[in-house]
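One letter stands for each residue in the lines below.
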Amino acid sequence: MGDAPAAVLPEERMDVLYHYYDGGGITVEGPSVLVRKQLGESFSVQGKYHVDTISGASIDVITTASPYREERTELAGTLDYLRGDTLLSLGVVASDENDYKGRSFNIGVSQEVFAAMTTLSMGYVRGSDEIGRSGDPEFSEELDRHSWRLGVTQVVTRNMLAELAFETITDKGFLNNPYRQVRYLDPESSRGYGFQAEVYPRRRTSSAVALRARYHLPYRAAVHAEYRYFSDDWGIDAHSTRVGYTHATLPRVILDLQYRYYTQGAADFWSDLYPFRSAQNFLARDKELSRYDSHSVRMGVSYELFTARWAMFERGAVNFTYDWITADYRDFRDLRVNAESPGDEPTYSLSANVFQLFFSFWF
Amino acid sequence: MARLIRCLIVLGMLASVSACSGVQPWVQPYERDRLADPIMSFERDPVSAAYLQKLYDIREGARGASGGSGGGCGCN
């Protein structure tokens, strides 16, 4: 280990990852590959390829018979330019599904000041999405996204780093999920309720601020903590906290433990059961916009495969992580269970297992 | 939202004041060996971190300020 670096280009590395998610009735799996390489002393390029292959049937599919996306492919490229203590980044991202096409570009700049004890960063992302609906070639909607990001990273002590981040995002256009539906009381229906399509506002602005810190212990280990507050103009407030421990005293092995808690309120117009059809101008029953709590526990192990140069690589590591995620929805009800009257169904909860296996090589 | 903006303005003012007040760096470059340890990185494994963050973004109403400078994915 040397001194903390001054402004530097991203480290040259290659990661090959396989991910697997199983929860809420669906599985998502696929590869993800990242390559970062320097071009001379001042430039660095990065390429990323990511695939999500989705199968199964979530509770939304089961209860409202809506189809779901089957495969998503993401390609991303970034160019970094280092000049003195300033790092400039330009990037593009293309994401494709059978019924959704996302395109975005991003620009970022970071500057070290105060004898490199403080790093200021800012960034902007502009996205343009095209939304379709399977089985409905006439359906076509658009979504524009703008995101502004500010960040300050501070050396606090010789053992502690802290980061303050702020981001505001504005979306304009079609924000619904084109398949999801809301339910309303319908006395003419045998089950007592009916379904109609969601109606969201066509604009959403949100802000989030996060404070995170890492502290190096007297031995080769670190603890970290994070808090994020989120608020948007749909009425959602959310808090997330994360604490973790990284242990690196064993030869070649790094162990990670982490706990995360997340809680959010519901959007103002959200309801699990509206009193009648088209009861409001905006209608939502997405569980993602409902009131709920989530707990996550992560365990990770990294094993250094080689430390002396091998072929074109300086070092390499194999990594395995396991995340256990639970979510307890306070108001979103499980319609798979029959109840005596609508609204008496039990609330829904899910538990998910997430596995990642990846190899990392540094050039 | 207004509280957030006020908070940021105050933090910005504090940063400006500290930058102009003649405060000297209190951690010298040769004292930063522990800070340079990879276990102190906010994003030690970028692919894994981006994947997990995306997983949260899809399931949760909240988004943004999730860390990781540089490329950014712009994909919520």
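It should be emphasised that the depicted structure is a prediction, and the values quoted were computed from it without experimental measurement.

Reading the values: rules and limits
Residues take numbers from 1 onward in each chain, read along the sequence in its written order. Each chain takes a letter, starting from A, and each ligand takes a number, starting from 1, following the order in which they are written. It should be noted that, the model being predicted, local features are given only for residues of pLDDT at least 70 and side-chain atom pairs only at 80 or more, the latter also being counted only at that level, while totals for whole chains, interfaces and linings use all residues. Here a strand is any run of E in DSSP of at least two residues, a helix any run of H or I of at least four, and the numbering for each starts at the N terminus. This radius of gyration counts C-alpha atoms alone. The globule rule is 2.2 Å times how many residues there are, raised to the power 0.38. Counting other C-beta atoms within 10 Å of a residue's C-beta gives its exposure: the residue is buried at 20 or more, exposed at 12 or fewer, and partly exposed in between, where C-beta atoms are placed from the backbone. Think of it this way: build a C-beta for each residue from its backbone, and any pair within 7 Å is a contact. At least two bridges found by DSSP between two strands is the condition for calling them paired. Here the expected length of a helix is defined as 1.5 Å per residue gap, with one fewer gap than residues. When buried Ala, Val, Leu, Ile, Met, Phe, Trp, Tyr and Cys residues are joined through C-beta atoms within 7 Å, the set is termed a nonpolar core. For every residue, the predictor assigns a confidence score, pLDDT, that lies between 0 and 100.

Colleague: Pulling in residues and values, what's your account of the overall build of chain A?
Modeller: When helices and strands are tallied, chain A shows 1 helix and 18 strands. Compactness check: chain A gives a C-alpha radius of gyration of 23 Å against a globular reference of 21 Å for 363 residues, within 12% of the reference. Seen through its C-alpha atoms, chain A measures out along the principal axes to roughly 75 × 40 × 40 Å. Among the 363 residues that make up chain A, the fraction classed as buried is 33%. Nonlocal contacts in chain A, meaning residues at least 24 apart in sequence, comprise 56% of its contacts between residues at least 6 apart.

Colleague: Outline the pairing of strand β15 (residues 253–264) of chain A, listing residues and values.
Modeller: Side chains on a regular strand alternate between the two faces of the sheet. Residue and element names in this part refer to chain A. When strand β14 (residues 237–247) meets β15, the two strands line up antiparallel, connected through 10 bridges. Counted as the bridge partner of tyrosine 245 is leucine 257 from β15. Two successive antiparallel strands, β14 and β15, enclose a turn made up of 5 residues, where arginine 252 displays a positive phi of approximately 70°. With 12 bridges joining them, β15 and strand β16 (residues 292–306) adopt antiparallel strand pairing. The residue bridging valine 253 from the neighbouring strand is tyrosine 303, located in β16.

Colleague: Please provide a residue-by-residue account of helix α2 (residues 46–59) of chain B, values included.
Modeller: Here α2 of chain B is 14 residues long and its end C-alpha atoms lie 20 Å apart, about the 20 Å a rise of 1.5 Å per residue gives. Inspection of α2 of chain B places Pro46, Val47, Ser48, Ala50, Tyr51, Leu52 and Leu55 of chain B among the buried residues, and these make up the whole buried set.

Colleague: Describe the interface of chain B and chain A, and please don't skip the residues or the numbers.
Modeller: Taken together, the 43 residues of chain B in the interface contact 75 residues of chain A. Elements with a contribution of two residues or more to the side of chain B that touches chain A: α1 (2–20) and α2 of chain B. Ranked by the residues each element gives to the side of chain B that touches chain A, the list is headed by α2 of chain B, at 7 residues.

Colleague: Pulling in residues and values, what's your account of the pairing of strand β6 (residues 100–113) of chain A?
Modeller: Residues and elements named next belong to chain A. With 11 bridges connecting them, strand β5 (residues 86–96) and β6 associate as antiparallel partners. If you follow serine 95 over to β6, its bridge partner there is glycine 102. In this antiparallel pair of consecutive strands, β5 and β6, the connection spans 3 residues. Relative to strand β7 (residues 118–131), β6 is paired through 14 bridges, and the arrangement is antiparallel. Paired with serine 104 across the two strands is glycine 127, which belongs to β7. Counted between consecutive antiparallel strands, the loop separating β6 from β7 contains 4 residues, among which phenylalanine 114 sits at a positive phi close to 55°.

Colleague: Pulling in residues and values, what's your account of the nonpolar core?
Modeller: In this structure, Ala208, Ile236, Ala267, Trp270, Ala284 and Leu289 of chain A together with Ala65 of chain B are the most contacted members of the largest nonpolar core, which totals 21 residues. Listed by contribution, the elements that provide at least two residues to this core are β9 (160–173), β10 (181–185) and β12 (203–216) of chain A. If one sorts the elements of this core by residue count, β12 of chain A sits on top with 3 residues. Among all residues touching leucine 289 of chain A, those that are not within four sequence positions of it are Ile236, Ala266, Ala267, Trp270 and Ala284 of chain A together with Gly61 of chain B. With 19 residues, the next largest nonpolar core counts Leu17 and Tyr292 of chain A together with Leu52 and Leu55 of chain B among its residues.

Colleague: Quick rundown of the environment of valine 47 of chain B? Include the residues and the values.
Modeller: Counting through the fold element by element, valine 47 of chain B comes out in helix α2. Since 23 C-beta atoms lie within 10 Å of it, valine 47 of chain B is described here as buried. Between the C-alpha atom of valine 47 of chain B and that of glutamine 28 of chain B, which follows or precedes it by 19 residues, the distance is 32 Å. Leaving out residues up to four positions away in the same chain, valine 47 of chain B has contacts with Asp15, Leu17, Ser32, Leu34 and Phe358 of chain A.

Colleague: Give me the lowdown on unusual backbone geometry, citing residues and values where you can.
Modeller: Residue and element names in this part refer to chain A. The backbone phi angle of phenylalanine 114 is positive, close to 55°, even though this residue is not glycine. Relative to the helices and strands, phenylalanine 114 resides in the loop between β6 and β7. Taking the number of C-beta atoms within 10 Å as the measure of exposure, phenylalanine 114 has 16 and is therefore partly exposed.

Colleague: Could you give me a rundown of the confidence of the model for chain B, with the residues and numbers involved?
Modeller: Residues and elements named next belong to chain B. Per-chain confidence: chain B averages 75 in pLDDT, with 61% of residues scoring 70 or above. In the model, residues 69–76 has pLDDT below 50 throughout and makes 36 contacts with residues more than four positions away in sequence or in other chains. At the level of chain-chain contacts, confidence expressed as ipTM amounts to 0.92, with global pTM at 0.90.

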